[in-house]
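Chain by chain, the residues:
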Amino acid sequence: MKSLPNSVWENKDKYDCVVIGAGHAGCEAALAVSRLGFDTILFTVSIESIALMPCNPNVGGTSKGHLVREVDALGGEMAKNIDKTFIQSRMLNSSKGPAVHSLRAQADKAKYSRTMRQVLENQEHLWIRQAEVVEILTDEINEIPKTIDDSENRDLIESKKRKVTGVKTLSGALYSCNTVIICTGTYLKARCVYGEVSENTGPNGLKAANYLSDSLKRLGITLYRFKTGTPARMDGRTIDYSKMEEQKGDEPIIPFSFSTAPASIQKPQVSCYLTYTNEKTHEIIRKNLDRSPLFSGFIEGTGPRYCPSIEDKVVKFAEKKRHQLFLEPEGLETHEMYVSGASSSLPEDVQAALYRSVPGLENARIVRNAYAIEYDCIDARQLKPSLEFKEISGLFAAGQFNGSSGYEEAAAQGLIAGINAVQKMKNNEPLILDRSQGYIGVLIDDLVTKESTEPYRMMTSRAEYRLLLRQDNADLRLTKTGYEVGLIDENRYQSLLIKENAIKDEIKRLITVNTGYSGALREIMEACNSTPLQSGATLYELIKRPELTYSMLALADPDRPDFPVELRDAIAEQVNIQIKYEGYLERQNRQVEMFKKNEKRLIPENIDYSDIKNLRTEARQKLIKIRPRSVGQASRISGVSPADISVLLVYLTAGK
Amino acid sequence: METKYKTIAAISTGTGTSGIGIVRLSGPEAITIADRIFKGKKPLSLQDSHTLQYGRIFDNSELIDEVLATVLRAPKSYTGEDTVEINCHGGRYCLRKTLQLLIDNGAAPAMPGEFTKRAFLNGKLDLSQAEAVADLIAAKSRMAGESAVLALRGIIKQKVRELRGKIIYNIAYIEAALDDPEHIDLDGYSSELEVALLQYIDELDMLIQSFDKGRFIREGIRTVILGKPNAGKSSLLNAFLGEERAIVTEIPGTTRDVLEEILQFEGYDLRLIDTAGLRKTEDPIEKIGVDRAKNQAFNADLLLYIIDRSDEKTNDLLLEMQENMHGLEKKIYLFLLNKTDLNTGIKSSDLDEIIKQVFRSAGVASPTFKIIEISALTGEGIADVEEAISDLFFKEKINYNDEVIISNIRHKNALYSAKTSLNKVLESIAAGLPEDFYSIDLTDASNYLGEITGETTGEEIINEIFAKFCLGK
């Protein structure tokens, strides 16, 4: 490790916000802050690695696709960027219910990165700077804000010990600012490992950030050590695709961004390929487990249970005779193929043997080895739901640094941290989405409330209200919020209002349209084996039948309004879903009402938990540590039982 | 903690007139405040905990009452706080005046259930115990008390928790399959779930039905007396009650109003509802009475049908019974063959034939009934009636070790809601909806059951539980 220079000089340019790291979190954070008019400097150890995808070459997928669409509805960039750079697109789970439909696009990685860099470079109020930040500068808070009524400030008086004032880079340059957003991903004291080989680098051999961790520790921030991994990349010219199952893209292509016109992105797509491991592969892995740094204890970091390495899968699902592997192109201008499902940290010779045991990869040549990466991240329970540190005013954190995994999870946090840094500088209440408003709300609530012992991955099952939080209605759920925050422009907001009203009016109309049983309707219904009507029915009632949809009934509905062409499909989809699943949506809405009651029951900041005798000791300790905002958040802390919550509720209502 | 709570006071004994009444005071200043109005040998603050002190309550110089005061120091009291219980003379004046004086001297009037809330907060009881305490206070009979004790011991919770665990397993299974379709397969799952759901619904039904049994215990058996005017209904009622309440008269049709009397038997109550005789009538006032009688009969748990043996001919009786029992054939009946003292007329075996014929023609295959010969006048057979009711309603002696009885209406409603949700899952399966739709209603079912086990929490549930407490507890 190099020694840091003693000389220090002060940079005279003034910035409102410093963003550390230009990965998926850092890009969204920097764009959000600068778009809202605040001068922002974005630090990265390598400008070539802006919006780098060091692992899988895709955006979206189960539940992650939801995050991307929510980011888009709030005015983020990820969806637009993948719409510009995708090479294949699929709607996953389309045979299942609408809650689990998930859009996933294969990216041209290099183009994704380049395109995002262009967006950043052309953004007003935003400056990119290649330098390693080594220290967060803070000051004690000694002045009491004048307006102590405002809750943020009140909170300053009660718990804040320090506030952020700037950062220092490796060269000794000081940058002063009002807010800092840390988005260091997997770079902090990063170490890449496979077999006995260990290198102190970030992903893809990039420079690790070796100093910031110590600065954070000096500020009293608790760090964890997590690990994750990536599979090998193969030379596509050496793969025999004829032994694999081809997976083509969907037609027509559905864009990620609600602002991308579908017609503008229809294009030829590349394919992915499915193959399977076999007993031979598993045998090679089992025989060499003792050489895996994970099993030998050479790596201490905790890996993601839900994104396991191939050796983890072989051990965990010992009864499974095979596991899926997907070969995914890394871009249009490269032969590199990503082997999805086969991340590993086994030695190079074992990797070569195990991949070659797979049908279609018998002669495959490795371009890059699979490896595991270990890095420093934080216990995110030190953050408020706004993603600001509880103890350091103005210091925000997002992305893998917060113990999450995945590009989409990172982007979502980056956007929220960026928005809240601005809210802070404007003296506004922070934007906090709750679990009923979006996957973003679930993600952040989980991160700041529950203990993470491994990288946190978004999953459908984590969202209790998933039937309401669909990817198809993310715009209806969140565009208004994005507009209020200032990241969604007037045009897009007006277009949303048109869509929203059109859906409402159309459903109202369908309730009133009575049909007989003749002509077009009869033909349609006979073709679908739908039980004939005895007397008439409303179109609304017919759409509720499982075998019929709103779109199918178009010919039997001559008075159907002529919607703007760019909204037509989207309106049809919403009308269909809202009618068909009305009862379920209503019941889920009732669950949300119940949920909101505990969310709205706020816990006073000055509550003295040691005062409540009936709390169990573990619960009391956790509550003191996490200081939840609401009874709802308290109820999700592990170690706080329902009985403890009852005690808390009674305490809050008991006459004092 | 005491510093944060006010000291509260309330009259803790019932509203009726009684020999003594208790004003209870709890909180950090309980003893100090009591000393401001209590004059004894020594101030209460100098007395040991758990001792009884004689003294007088004064309003300035005016003597209000002579009392005994108990000092209970924290944490060894019901609330876990310093407590003073002042035993006054039972008149409302003394009690109210004493309470008022305590309030004037710094105590706050307690809300209903507030003492128990404090006991709960201070770790003296958990929520389900608190709820059971409320049931116990409200219990009207021995069995009701025992069933509340059962809740206190957590047996209901255990049963419901098991069922909830099974439902949660299914939610988790569906969610696991959503997240890891490669390794967790949903093929054939819906038909497995269907079978499981039917079984869960059966279990819920049994618990819900036990509520009815619990209701008989808690509220008493709603019993309506049927029969021709003059058959002896009113005198039967009197025989039960042992005092003249209803007007016994020779002119048919005078018992027009619905009278209700509660009769305490060993372990349970019989709520006897005497009605106007069921008889075709053109008299508008009497007609109201007859309609009301029919209405009462529909809602009754038990129908007592009285037949005057001296006054009946077989054919007429058959017609009369068919008319009176119309629409009520599925009820539980006790047929009382009255006037056994008169030794003439219809026999028990004839009546049995007629009754069976009535049920047969109404298509009821296995009716629930018993015939008992009585004399309302002499009281002969009345003891048999009591025994028969006990047999009909509590045939299997309630075994507190293995039978769970729900006696709390909040619990019953939660069980019923859970059942409704599970039925919705069955509908979703029948409609061929994807598995992730099941989880909405499974979650609802699990939440409803959680309201019983305490795993679902919320302000409303807490309030509902504490609202059942009377003032002073």
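Residues numbered from 1 in each chain as written. Chains lettered and ligands numbered in written order. Predicted model: local features only at pLDDT ≥ 70, side-chain atom pairs only at ≥ 80, totals over all residues. Heavy atoms only, no water.

This paragraph deals with the overall build of chain A. If you tally the helices and strands in chain A, you get 21 helices and 24 strands. A globule of 656 residues ought to have a C-alpha radius of gyration of about 26 Å, and chain A, at 26 Å, matches this closely. Counting only C-alpha atoms, chain A reaches 85 × 75 × 55 Å along its principal axes. Long-range contacts, defined here as pairs at least 24 residues apart, represent 75% of the contacts in chain A between residues at least 6 apart. (Helix = DSSP H or I, 4+ residues; strand = E, 2+ residues; numbered from the N terminus. Rg over C-alpha atoms; globule rule 2.2 N^0.38 Å. Contact = heavy atoms within 4.5 Å.)

Our focus in this paragraph is the pattern of salt bridges. Residues and elements named next belong to chain B. Across all of its chains, the model carries 57 salt bridges over all chains by this definition. Between E455 and R161 there is a salt bridge whose closest N-O contact spans 3.8 Å. With E455 in the loop between helix 14 (438-453) and helix 15 (459-467) and R161 in helix 6 (residues 155-179), this pair connects stretches of sequence that are 294 residues apart. On the accessibility criterion, E455 (30% relative accessible area) is partly exposed. (Salt bridge = Lys/Arg side-chain N within 4 Å of Asp/Glu carboxyl O. Buried < 20%, exposed > 50% of the residue type's maximum accessible area, 1.4 Å probe, protein only.)

Looking at the assigned domains, one finds that chain A contains domain 1 (9-227 + 375-485), domain 2 (229-373), domain 3 (490-587) and domain 4 (601-653). Its C-alpha centre places domain 3 of chain A at a distance of 47 Å from the equivalent point of domain 4 of chain A. (Domains from an automatic or database assignment.)

Across the junction of E251 of chain A and P252 of chain A, the peptide omega takes the value -5°, indicating a cis bond. With respect to the helices and strands, P252 of chain A occurs in the loop between strand 15 (245-247) and strand 16 (272-276). Look at the link from A74 of chain B to P75 of chain B: it is a cis peptide, with omega at 0°. With a phi close to 60°, N93 of chain A is a non-glycine residue in the positive phi region. Phi is positive for R627 of chain A, which is not a glycine, with a value near 45°. Tracing the backbone through its elements, the reader meets R627 of chain A in the loop between helix 19 (617-626) and helix 20 (631-635).

Here we take up the packing of aromatic side chains. Summed over all chains, the structure comprises 16 aromatic pairs over all chains. Between the aromatic rings of Y15 of chain A and W127 of chain A, the centroid separation amounts to 6.2 Å while the plane-to-plane angle is 65°, which identifies the pairing as edge-to-face. Here W127 of chain A lies in strand 7 (residues 126-130) and Y15 of chain A lies in the loop between strand 1 (9-10) and strand 2 (17-20), a separation of 112 residues in the sequence. By relative accessible area, which is 11% here, Y15 of chain A ends up buried. With centroids separated by 5.2 Å and ring planes inclined at 5°, the aromatic side chains of Y333 of chain B and F335 of chain B adopt a geometry described as stacked. Note on F335 of chain B: relative accessible area 0%, which makes it buried. Members of the aromatic cluster, each reached through a chain of ring pairs, are Y305, Y333, F335, F359 and F369 of chain B. The ring of Y584 of chain A is capped by R587 of chain A, whose NZ or CZ atom sits 4.8 Å from the centre of that ring. Over the aromatic face of F115 of chain B sits the side chain of R24 of chain B, whose NZ or CZ is 5.0 Å from the ring centroid. (Phe/Tyr/Trp six-rings, centres within 6.5 Å; stacked < 30°, edge-to-face > 60°. Lys NZ or Arg CZ within 6 Å of the ring centre and 35° of its normal.)

Another aspect to go through is the environment of E246 of chain A. Residues and elements named next belong to chain A. The residue E246 is located in strand 15 in this model. Given a relative accessible area of 42%, E246 falls into the partly exposed group. Residues E246 and M525, spaced 279 residues apart in sequence, show a C-alpha to C-alpha distance of 36 Å. The contacts of E246, once residues within four sequence positions are left out, are S271, C272 and Y273. Among the polar contacts made by the side chain of E246, one reaches the side chain of S271 at a distance of 2.5 Å. (Polar contact = N/O pair within 3.5 Å; in protein donor to acceptor, adjacent residues only side chain to side chain.)

With that settled, consider the packing of helix 2 (residues 64-73) of chain A against helix 13 (residues 474-485) of chain A. Residues and elements named next belong to chain A. Where helix 2 meets helix 13, the closest approach of the two axes is 7 Å, and the angle between their N-to-C directions is 35°. As for the relative orientation of helix 2 and helix 13, their crossing is right-handed in sense. Taking contact as the criterion, the partners of R69, E70 and A73 in helix 2 are, on helix 13, A474, D475, R477, L478, T479 and G482. Residue composition of the contact of helix 2 with helix 13, grouped by class: three nonpolar, two polar and four charged. (Axes fitted to C-alpha atoms, helices over the stretch in contact; angles between N-to-C directions. Left-handed = near helix turned anticlockwise from the far one by under 90°. Nonpolar A, V, L, I, M, F, W, Y, C, P; charged D, E, K, R; others polar.)

Here we take up the pairing of strand 6 (residues 83-89) of chain B. Residue and element names in this part refer to chain B. Of all seven residues that make up strand 6, six are buried, and the element is covered over most of its length. Summarising the sheet, strand 2 (residues 20-26) and strand 6 pair through seven bridges and their orientation is antiparallel. Each bridged residue has a counterpart across the sheet, and for I22 the counterpart in strand 6 is N87. Bridging between strand 5 (residues 62-72) and strand 6 involves five bridges; their strand directions are antiparallel. Looking at the pairing, A69 lines up with I86 of strand 6. (Pairing = 2+ DSSP bridges.)

Attention now goes to the sheet that holds strand 11 (residues 179-182) of chain A. As a general point, the strands of a sheet are linked pairwise by backbone hydrogen bonds and lie either parallel or antiparallel. All names here are of chain A. Ordered by their spatial adjacency, five strands build an open sheet running 7-3-2-11-22, and the pairing between neighbours is parallel. Each edge of the open sheet carries a strand with a single partner, namely strand 7 and strand 22 (395-397). Put simply, the sheet's adjacent strands are angled 20° from each other on average, direction ignored. Where strand 2 meets strand 11, four bridges bridge the pair, whose relative direction is parallel. Residue pairing in the sheet places C17 in a bridge with T179 of strand 11.

Much of the literature gives interface size as the accessible area that the parts lose upon coming together. Taken together, the 40 residues of chain B in the interface contact 41 residues of chain A. Applying the counting rule to chain B against chain A returns ten residue pairs in polar contact (both at pLDDT 80 or more). Here the residues of the side of chain B that touches chain A are counted per class, giving 15 nonpolar, nine polar and 16 charged.

With that settled, the discussion passes to the environment of I156 of chain B. Mapped onto the fold, I156 of chain B is located in helix 6. Along the chain, I156 of chain B and T453 of chain B lie 297 residues apart, while their C-alpha atoms are 8.2 Å from each other.

Another point: the sheet that holds strand 5 (residues 86-92) of chain A. Residues and elements named next belong to chain A. Read across the open sheet, the three strands follow the order 4-6-5; overall the sheet is antiparallel. Either end of the sheet is taken by a strand with one partner, and the two such strands are strand 4 (58-60) and strand 5. The mean inter-strand angle of the sheet, taken between neighbouring strand axes irrespective of direction, is 20°. Both strand 4 and strand 6 (residues 102-107) contribute to a ladder of three bridges, which runs antiparallel.

Another point: a negative patch on the surface. All names here are of chain B. Residues D341, E373, E380, D384 and E387 make up a contiguous surface patch of negative charge. For D384, the location among the structural elements is in helix 12 (residues 382-393). Judged by its relative accessible area of 43%, D384 falls in the partly exposed class. (Patch = residues over 30% accessible without salt bridge, like charges linked within 9 Å, V, L, I, M, F, W, Y side chains within 5 Å. Areas by Shrake-Rupley, 256 points an atom, 1.4 Å probe, with all protein chains shown as cover. Lys, Arg positive; Asp, Glu negative; His and termini not counted. Charge placed at Lys NZ, Arg CZ, Asp CG, Glu CD.)

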